[in-house]
Amino acid sequence: MTDNNEARTQRSGVFRGAAVLLTSLTALFAFAGAVGLIGGGTDFGETINSRLPLDSPVLAGVALAVFVGVPMSVAAWLLYRKSDTRAVWVSVVAGGWLIGWIVIQLLVIRTYSFMQAACVGIGVALIALGGAIRSRVSVDAPARGAEVGPVRGPLPHTNDPTQQDD
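Keep in mind it's a predicted model, so treat the numbers as computed, not measured.

Draft legend 1. Summary view of the overall build of the chain. Each helix and strand counted, the chain has six helices and zero strands in total. Taken from N to C terminus, the helices and strands of the chain fall in the order α-α-α-α-α-α. Per-residue burial over the chain gives 28% buried out of 166 residues.

Draft legend 2. Local environment of the side chain of Thr 23. Turning to its location among the elements, Thr 23 is positioned in helix H1 (residues 2-39). Of the residues examined, Thr 23 reaches a relative accessible area of 0% and is grouped as buried. Thr 23 has contacts with Met 72, Ala 75, Ala 76, Leu 79, Ala 94 and Leu 126, leaving out every residue within four places of it along the chain.

Draft legend 3. Focus on the environment of Leu 37. The residue Leu 37 is located in helix H1 in this model. The spatial distance from the C-alpha of Leu 37 to the C-alpha of Pro 57 is 5.5 Å, given a sequence separation of 20 residues. For Leu 37, the residues in contact, after removing those within four places along its chain, are Thr 42, Phe 44, Pro 57, Val 58, Ala 60, Gly 61 and Leu 64.

Draft legend 4. Representation of the nonpolar core in the model. Ranked by size, the top nonpolar core spans 26 residues in total, and within it Ala 19, Leu 64, Val 68, Met 72 and Trp 101 carry the most contacts. Put simply, the parts of the chain that give this core at least two residues each are H1, helix H3 (57-81), helix H4 (88-109) and helix H5 (114-140). Ranked by residues supplied to this core, first place goes to H3 with eight residues. Those residues within four positions of Trp 101 in sequence are excluded, and the remaining contacts are Ala 63, Leu 64, Phe 67 and Val 68.

Draft legend 5. Spatial organisation of unusual backbone geometry. The phi torsion at Leu 54 lies on the positive side, around 60°, for a residue other than glycine. If you trace the backbone, Leu 54 turns up in the loop between helix H2 (46-51) and H3. With a phi angle near 50°, Asp 55 is a residue other than glycine that sits in the positive phi range. Along the chain, the position of Asp 55 falls in the loop between H2 and H3.

Draft legend 6. A look at the layout of surface pockets. In this structure, the largest pocket encloses a volume near 850 Å³. Taken together, 32 residues form the lining of the largest pocket, with Phe 44, Leu 64, Trp 101, Ile 102 and Gln 105 sitting closest to its centre. Taken together, the elements giving at least two residues each to the lining of the largest pocket come down to H1, H3, H4 and H5. Its residues assigned to classes, the lining of the largest pocket comprises 25 nonpolar, seven polar and no charged.

Draft legend 7. Focus on the confidence of the model for the chain. For the chain, mean pLDDT is 76; residues scoring 70 or higher make up 69% of the total. This stretch, residues 139-149, has a pLDDT under 50; its non-local contacts, to residues over four places away or in other chains, come to five contacts.

Draft legend 8. Spatial organisation of a nonpolar patch on the surface. On the surface, Ile 38, Leu 54, Val 58, Leu 59, Val 62, Val 66, Phe 67 and Trp 97 cluster together into a nonpolar patch covering about 730 Å² of accessible area. On the basis of relative accessibility, which here comes to 40%, the residue Phe 67 falls in the partly exposed class.

About the cut-offs
- Residues numbered from 1 in each chain as written.
- Predicted model: local features only at pLDDT ≥ 70, side-chain atom pairs only at ≥ 80, totals over all residues.
- Heavy atoms only, no water.
- Helix = DSSP H or I, 4+ residues; strand = E, 2+ residues; numbered from the N terminus.
- Buried < 20%, exposed > 50% of the residue type's maximum accessible area, 1.4 Å probe, protein only.
- Contact = heavy atoms within 4.5 Å.
- Core = buried A, V, L, I, M, F, W, Y, C linked by side-chain atoms within 4.5 Å.
- 1 Å grid on protein atoms, 1.4 Å probe; cavity = no way out; pocket = protein on both sides within 12 Å on 5 of 7 lines; lining within 4 Å.
- Points joined across faces, edges and corners; volume = space filled by probe spheres on them.
- Nonpolar A, V, L, I, M, F, W, Y, C, P; charged D, E, K, R; others polar.
- pLDDT = per-residue confidence, 0-100.
- Patch = residues over 30% accessible without salt bridge, like charges linked within 9 Å, V, L, I, M, F, W, Y side chains within 5 Å.
- Areas by Shrake-Rupley, 256 points an atom, 1.4 Å probe, with all protein chains shown as cover.
- Salt bridge = Lys/Arg side-chain N within 4 Å of Asp/Glu carboxyl O.

Listed below in structure tokens is the structure:
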């Protein structure tokens, strides 16, 4: 039974590590894209730029940093720290957030790119990893709010006549 729990813990660690890697890389690429947009190194062209809010690649870069880079950085940090058992849900939320960002992006710029498909794939992977981490953790941990039932049978020290209270 202990070997099974150790194997589950190792798999949970692998899944968590994969989620940390995906969220970290997504944050890194989001910040790099934001720098490119804000600094003028990335240009979508006149047609797409005209579809951006206020026709501003700078605003798009700030939005990319704020709405993708920062949340993915926070998710990576929480997943890396492992300090809170609820942090496993961070992967699910980060994946959903990324997919939501892509949907909004498609609605705003009305142009498709392979990077959007890659980001949706990363979002789906993060959701799946979060579910895998959760299933590994919940097997080992008692349910939240679970009550400890009464002890059935006599306590060990009450059956032993050689142990007496002084």
